[in-house]
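Each chain, letter by letter, is given below.
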Amino acid sequence: MSPEALLAMRDPLGAPVHPLAVQILLVVTYVLHIFFVTTAIGSLFLGLYGLRRPEENWQRLAKVSVRLAVQATGLGITMGIAPLLFVQVIYDPAWYSATTLMGLWTTLFIPVVALGYLFLYVLYLRGNLAGVGYVSLALLLLAGFIMHSLASAGLYPSRFVEWYAPGGVVDTSGTRFLGYNLPRFAALLFGQAALSLGVMLLLFAWYFRKREDTPQAFLGFVEGIARGSLRLGALLFAGFGLLWAFTQGRELGLSLPVALVALLVGALFYLHARFAKAEGALATLGMYLGALSLVAVLREAMRMVVWGRMGYSVLGYPFVWDWGSILFFLATGTAAIPVIVYLAQVLYASGTRKEGADPSPKVERLGDFGVRLLVGWFLFYFALGLYVVARNL
């Protein structure tokens, strides 16, 4: 496909804000999305394995892992909306071309995720139906592979026409997976799933370390599994990451940065796993979010370089300052932050003791402030809508 054709596929209205702001938000929201997605996959793997073990600690950990998988899947789905929207703003030629070429799988993505989530909930509620869990895992992995293929196909704009009409014959079936790279998929899903699981298990042990009703022997067991998961994730990420570097990376002329990131992240967590403890879980979380940010920047840099060779500059994407959208975005963020912080503090306090605990007066005041902000947000939302309607009558 020619550079002129790619540029012509951009939204003629342009972006509502400078593309650099969209790009930064794309990277940040992707980090949150992939953290919860990989946590869900890793915890589901562990839960299914634990259900097969007769030991008490494994049975208890299996229940914790399945419940974690349910919560993380929901958060992963929610957090995935933002990066999906941002990528459509500044990479619309890539995204819409890929989704059209793989139309069947694009259409099936949401039903596959919904069914996977449904079966996962059945496993959580029943507990002893491991077969349902394996079906859920297969569906969630299929959903991950669909999204991987859509993202990876966007790195090959020069092949869009070839994929659309292989051998000169138009193929509108949309049934083929295009542009996928199995080492990349394995590194970013399985490698990071083991790392995310290790981090979450350390956080679990840290959170429950002061609960009298939680056996310390069980927490020690969880801590040991967490260290093993970190080591496994480091090896998987480094190994599959190097294969990614010498397959797709070499194909795109980007072997070196992919290999360096794979080795750096792998070595960092393999060495850290030896010293990882529940008391330092927050530091491990911070380190891991930094590593995920590095991987997210690598993905974005690869996309920028590939499209830049085709004459498509992301930072040159046309934009018009849409102050209505910007104000709406800022108002939503301002109203949401105190509410999210309040809910997080209430949830944290409620689990510190077996019988639960009430939030402090300071936290309650924050909740009241958050509710007022939400009311103000609703008023602002409707006022802005009425203003736009009246202005365009």
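Rules used in this analysis
Throughout, a residue's number is its position along its own chain's written sequence, starting from 1. Predicted model: local features are reported for residues with pLDDT of at least 70 only, side-chain atom pairs are reported and counted for 80 or more only, and whole-chain, interface and lining totals are derived from all residues. Based on all heavy atoms of the structure, the side-chain values leave hydrogens and waters out of the count. A run of DSSP states H or I qualifies as a helix once it reaches four residues; a run of E qualifies as a strand once it reaches two. Both are numbered from the N-terminal end. In a helix, the anticipated span is given by 1.5 Å times the number of residues less one. Here the bend at a residue is taken as the angle between two axes, fitted respectively to the seven residues that end there and the seven that start there. Method remark: on a 1 Å grid restricted to protein atoms, a set of points is classed as a cavity if a 1.4 Å probe fits but cannot get out and as a pocket if it is open with protein on both sides within 12 Å along at least five of seven lines; lining residues have an atom within 4 Å of a point. Grid points are joined across faces, edges and corners, and a volume is the space filled by probe spheres set on the points. Side-chain classes are defined by residue name, with Ala, Val, Leu, Ile, Met, Phe, Trp, Tyr, Cys and Pro counting as nonpolar, Asp, Glu, Lys and Arg as charged, and the others, Gly among them, as polar. As used here, the term nonpolar core means buried Ala, Val, Leu, Ile, Met, Phe, Trp, Tyr and Cys residues forming a set that is joined through side-chain atoms within 4.5 Å. Think of it in three bands: residues with accessible area under 20% of the maximum for their type are buried, residues over 50% are exposed, and the middle band is partly exposed, with areas taken using a 1.4 Å probe on protein chains only. It only takes one pair of heavy atoms within 4.5 Å for two residues to be counted as in contact. Fitted lines through C-alpha atoms serve as axes, helices being fitted only where they are in contact, and the angles separating the N-to-C directions of these axes extend from 0 to 180 degrees. In these notes the angle categories are as follows: under 35 degrees is roughly parallel, over 145 is roughly antiparallel, 65 to 115 is roughly perpendicular, and the rest is oblique. The sense of a crossing depends on the near helix, which, turned anticlockwise from the far helix by less than a right angle, makes the crossing left-handed and, turned clockwise, makes it right-handed. Salt bridge, as used here, is a side-chain nitrogen of Lys or Arg placed within 4 Å of a carboxyl oxygen of Asp or Glu.

A. Up close: helix 9 (residues 216–251). Between its terminal C-alpha atoms helix 9 stretches 51 Å, which fits the 52 Å expected from 36 residues at 1.5 Å a residue. At Ala245, helix 9 is bent by approximately 35°, the largest bend along its length. Phi for Gly253, located one or two positions after helix 9, is positive at around 75°.

B. Expanded view of the layout of surface pockets. Taken as a whole, the largest pocket holds about 1900 Å³ of empty space. Surrounding the largest pocket, 41 residues form its lining, Leu68, Gln71, Met200, Tyr207 and Leu347 being those nearest its centre. Elements supplying a minimum of two residues to the lining of the largest pocket: helix 2 (19–51), helix 3 (56–90), helix 5 (103–126), helix 8 (182–207), helix 11 (281–309) and helix 12 (323–350). With 12 residues, helix 3 is the single largest residue contributor to the lining of the largest pocket. Looking at the lining of the largest pocket, its residues break down into 29 nonpolar, 7 polar and 5 charged. Approximately 1100 Å³ is the volume found for the second largest pocket. Lining the second largest pocket are 41 residues, and of these His33, Gly80, Phe109, Ala143 and Met147 lie nearest its centre. Those elements that provide at least two residues to the lining of the second largest pocket are helix 2, helix 3, helix 4 (92–101), helix 5, helix 6 (130–153), helix 8 and helix 11.

C. The nonpolar core, seen in detail. Within the largest apolar cluster, 82 residues are counted, with the highest numbers of intra-cluster contacts made by Leu61, Leu201, Leu230, Phe269 and Met302. Leaving out residues up to four positions away in the same chain, Leu201 has contacts with Leu46, Leu61, Val222, Ile225 and Ala226. Among the nonpolar cores identified, the runner-up in size contains 15 residues, and Val70, Leu123, Leu137 and Leu140 belong to it.

D. Fine view of the environment of Trp307. You can see Trp307 is positioned in helix 11. Between the alpha carbons of Trp307 and Gly385 there is a distance of 37 Å; along the sequence they are 78 residues apart. Residues in contact with Trp307, not counting those within four places in the same chain, are Leu6, Pro93, Ala94, Gly154, Pro157, Phe160 and Tyr312.

E. Focus on the packing of helix 8 against helix 11. One can describe the packing of helix 8 onto helix 11 by two numbers: an axis separation of 9 Å at closest approach and a directional angle of 160°. One element, helix 8, and the other, helix 11, form an angle in the roughly antiparallel class. As helix 8 runs across helix 11, the sense of the crossing is left-handed. Together, Arg184, Leu188, Gln192, Leu195, Ser196, Val199, Leu202, Leu203 and Trp206 of helix 8 and Ala281, Leu282, Thr284, Leu285, Tyr288, Leu292, Val295, Arg299 and Met302 of helix 11 make up the contact between the two elements. Of the residues belonging to the contact of helix 8 with helix 11, the class tally is 13 nonpolar, 3 polar and 2 charged.

F. Examining the pattern of salt bridges more closely. Inspection of every chain in the model, using the stated rule, returns 5 salt bridges. When the shortest N-O distance is used, the salt bridge between Glu55 and Arg53 registers 3.1 Å. Note on Glu55: relative accessible area 35%, which makes it partly exposed. For Arg53, a relative accessible area of 24% puts it in the partly exposed group. Salt-bridge contacts for Arg159 lead to Glu251; the nearest nitrogen and oxygen are separated by 2.3 Å. Of this pair, Arg159 sits in the loop between helix 6 and helix 7 (160–164) while Glu251 sits in helix 9, and the two are 92 residues apart along the sequence. Arg159 sits in the partly exposed class, given a relative accessible area of 28%.

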